[in-house]
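These are the residues of each chain, in order.
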Amino acid sequence: MVANARLDAVIQASPLATLALDRDGKVTSWNPTAERIFGWSADEAIGSCPPFATGGSEVFIQDVIERSLRGELVTGLEG
C-alpha cells in the first residue's frame, strides 16, 4: 500500500502528462500535467476516451494497449 501511494505521488507530481487507459481505451488515471496540457480535468477525462483520440487516433491507441497487454514496454510515443 505504501508503494502504491509513493507511485501515485510521483505520477501526480510529474512534469510529464501521465495517464493510464483500460483495455477499452478509457482513461483510468490523469495527472495535473495532463490537465494543463490537454485542458480536461481528471473528472472530465476519467472514464472517457482521451481528448486526443480523434481522427484515426483510436486505432493507434488500441495498438498501444494491445502491445502493453503483450508485455511490451511502450514509452514516448506520438500518434
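Everything below is about the structure printed above this text.
Residues numbered from 1 in each chain as written. Predicted model: local features only at pLDDT ≥ 70, side-chain atom pairs only at ≥ 80, totals over all residues. Heavy atoms only, no water.

A. Here's a closer look at the overall build of the protein. A tally of regular secondary structure across the protein gives four helices and two strands. Counting from the amino terminus, helix and strand elements in the protein follow one another as α-β-β-α-α-α. A compact globule built from 79 residues should have a C-alpha radius of gyration of about 12 Å, and the protein, at 13 Å, falls within 12% of that. Counting only C-alpha atoms, the protein reaches 35 × 30 × 20 Å along its principal axes. Sequence separation of at least 24 residues holds for 14% of the intrachain contacts in the protein that already meet a minimum separation of 6. When the accessible surface of the protein is summed, it comes to about 5600 Å², and 56% of that surface belongs to carbon and sulfur atoms. If the 6 positive side-chain charges of the protein are averaged to one point and the 11 negative ones to another, these points end up 7 Å apart. (Helix = DSSP H or I, 4+ residues; strand = E, 2+ residues; numbered from the N terminus. Rg over C-alpha atoms; globule rule 2.2 N^0.38 Å. Contact = heavy atoms within 4.5 Å. Areas by Shrake-Rupley, 256 points an atom, 1.4 Å probe, with all protein chains shown as cover. Lys, Arg positive; Asp, Glu negative; His and termini not counted. Charge placed at Lys NZ, Arg CZ, Asp CG, Glu CD.)

B. Summary view of the pattern of salt bridges. The final tally for this structure, using the stated rule, is two salt bridges. For Glu72, the salt bridge goes to Arg67, with nearest N and O atoms at 3.0 Å. (Salt bridge = Lys/Arg side-chain N within 4 Å of Asp/Glu carboxyl O.)

C. Looking closely at the environment of Ala17. Following the sequence through the fold, Ala17 ends up in the loop between helix H1 (2–13) and strand E1 (19–21). Residue Ala17 is classed as partly exposed on the basis of its relative accessible area, which comes to 30%. Ala17 sits 21 residues away from Phe38 along the chain, and the two C-alpha atoms are 8.7 Å apart. Look past the residues within four positions of Ala17 in its chain and what remains in contact with it is Asn31, Thr33, Ala34, Ile37 and Phe38. (Buried < 20%, exposed > 50% of the residue type's maximum accessible area, 1.4 Å probe, protein only.)

D. Summary view of the nonpolar core. Counting residues in each nonpolar core, the largest one holds five residues, listed as Val27, Trp30, Ala34, Ala42 and Ala45. Of all the secondary-structure elements, those providing two or more residues to this core are strand E2 (27–30) and helix H3 (42–45). Each residue touching Ala45, except ones within four places of it in the same chain, is listed here: Val27, Trp30 and Trp40. (Core = buried A, V, L, I, M, F, W, Y, C linked by side-chain atoms within 4.5 Å.)

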